[in-house]
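Take a look at the letters that make up each chain.
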Amino acid sequence: MAQVNPILYLDPGHAFGLENRTNSFINQNFTLIDQYRLTEIDLAPFTCIVVHDFADQEHLYRNKAIIEEFLAEGKIVIFCGHLFKEWLPGCPIFTPRTIQSHTDYEVVNDRQHPIFAGVHPDDMTFNKGIAGFFARVTHSPVPPGADVLLTFPDKVPMTYIDHCSTNGTILCHAGRDLFGLRMQNRSTDRISAQLLQWIHDEYEQLQKGGNNL
């Protein structure tokens with residue numbers, strides 16, 4: 001088959017994603033397909049599947065065996081969104097937060113993982129002065145042994161990496177698409193490139209029989 005980018009990005013076909021279909025960053029770094037083609041495409045060339053927050057989770061649930069098999073082969077799945085169907089191994093259903101103040105949405109970056117290196121927490125918390133766009137809910141409790149990357153102020157996790165639930169690696173973020181944080185002239189612009197690098201490093205480690213914490 002023709003050369004493809006090894007990261008598969010499932011396009012949910014929503015109006016907000018129109019820009020992605022012509023964006024050079026997306027086209028250079030991903031193989032973009034309609035989400036419903038997941039059941040027919042050969043996944044052998046791909047190392048990672050990226051699932052958008054607008055994805056049809058009913059469809060993913062009906063075909064969760066595809067995701068499970070992909071992870072069993074020692075590959076990577078990234079999901080940004082609010083899980084309401086159990087299609088992602090080990091990932092709990094999202095839990096809405098009880099909000100008393102906008103400060104309840106603050107992002108805490110104590111872990112300083114390479115994906116978020118150099119990213120200021122306020123740039124993740126606020127967008128045009130409004131809090132809550134980056135993450136509004138939580139997946140809690142996280143799977144046993146998961147590596148928590150970002151939390152809310154009460155230490156409830158919003159972003160984690162799971163190396164234990166499957167033979168592969170799951171990155172789960174309870175918010176909007178991390179690859180969508182580009183060209184905002186803020187420190188969050190770093191996330192998309194750093195996440196791409198993490199995918200390549202993580203897959204290399206998986207092939208060696210380990211993982212890249």
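Structure first, text after, so check above.
Now for a description of the structure that goes with this document.

Definitions and cut-offs
Residues numbered from 1 in each chain as written. Predicted model: local features only at pLDDT ≥ 70, side-chain atom pairs only at ≥ 80, totals over all residues. Heavy atoms only, no water. Buried < 20%, exposed > 50% of the residue type's maximum accessible area, 1.4 Å probe, protein only. Helix = DSSP H or I, 4+ residues; strand = E, 2+ residues; numbered from the N terminus. Pairing = 2+ DSSP bridges. Core = buried A, V, L, I, M, F, W, Y, C linked by side-chain atoms within 4.5 Å. Contact = heavy atoms within 4.5 Å. Arc of directions from axis to C-beta. Phe/Tyr/Trp six-rings, centres within 6.5 Å; stacked < 30°, edge-to-face > 60°. Salt bridge = Lys/Arg side-chain N within 4 Å of Asp/Glu carboxyl O. Axes fitted to C-alpha atoms, helices over the stretch in contact; angles between N-to-C directions.

Now for the pairing of strand β2 (residues 31-34). A one-sided burial pattern is seen for β2, the buried positions being Thr31 and Ile33 and the unburied ones Leu32 and Asp34. Relative to β2, strand β1 (residues 7-11) is paired through four bridges, and the arrangement is parallel. In the strand pairing of β2, Leu10 is matched with Ile33.

By size, the foremost hydrophobic cluster in this structure holds 32 residues, and its most contacted members are Phe30, Ile78, Phe116, Phe134, Phe179, Ile191 and Trp198. When contributions to this core are tallied by element, the ones reaching two or more residues are β1, α1 (24-29), β3 (48-51), β4 (76-80), β9 (147-151), β10 (157-162) and α5 (190-207). In terms of residues, this core owes the most to one element, α5, which gives six residues. Sequence-distant contacts of Phe134, defined by excluding residues within four places in its chain, comprise Val107, Phe116, Met124, Leu150, Met158, His173, Ala174, Gly175, Arg176, Leu178, Leu181 and Ile191. Counting residues in hydrophobic clusters, the runner-up holds 24 residues, among them Leu8, Val51, Phe79 and Trp87.

Turning to the pairing of β3, a few remarks are in order. Residues Cys48 and Val50 point to one face of β3 and Ile49 and Val51 to the other, with burial holding for every one of them. With four bridges connecting them, β1 and β3 associate as parallel partners. By the bridge assignment for β3, Tyr9 is matched with Val50. Sheet topology note: the β3/β4 ladder contains four bridges and is parallel.

Moving on, we get to helix α3 (residues 64-72). Residues of α3 that are buried: Ile67, Phe70 and Leu71. All buried residues of α3 fall inside an arc of 95 degrees around its axis, so they share one side. Buried residues in α3 make contact with β3, β4 and β11 (169-173). Looking at the residues trailing α3, positive phi occurs at Gly74, about 80 degrees.

Tallying each qualifying case throughout the model produces four aromatic pairs. With a centroid separation of 5.1 Å and 80 degrees between ring planes, the pair formed by Phe79 and Trp87 is classed as edge-to-face. We note that Phe79, like Trp87, is buried. The structure contains a cluster of three or more aromatic residues connected by ring pairs, namely Tyr9, Phe25, Phe30 and Phe179.

Moving on, we get to the pattern of salt bridges. Summed over the entire model, instances satisfying the criterion amount to seven salt bridges. Between Lys155 and Asp110 there is a salt bridge, and its shortest N-O distance comes to 2.8 Å. Of this pair, Lys155 sits in the loop between β9 and β10 while Asp110 sits in the loop between β5 (95-96) and α4 (121-125), and the two are 45 residues apart along the sequence. Under the relative-accessibility criterion, Asp110 is labelled exposed at 57%. Between Asp147 and Arg111 there is a salt bridge; the shortest N-O distance is 2.8 Å. Highlighted residues: Asp147 in strand β9 and Arg111 in the loop between β5 and α4, separated in sequence by 36 residues. Since its relative accessible area comes to 32%, Arg111 is described here as partly exposed.

Our focus in this paragraph is the sheet that holds β9. Here we have seven strands laid out as an open sheet, ordered β2-β1-β3-β4-β11-β10-β9, and mixed in their pairing. Taken across any chain shown, the strands that pair with only one partner, and hence form the sheet edges, are β2 and β9. Neighbour to neighbour, the strand axes of the sheet diverge by 20 degrees on average, direction disregarded. Of the pairings in the sheet, the one linking β9 to β10 comprises four bridges and is antiparallel in character. Residue pairing for β10: Val148 is matched across the bridge by Tyr160.

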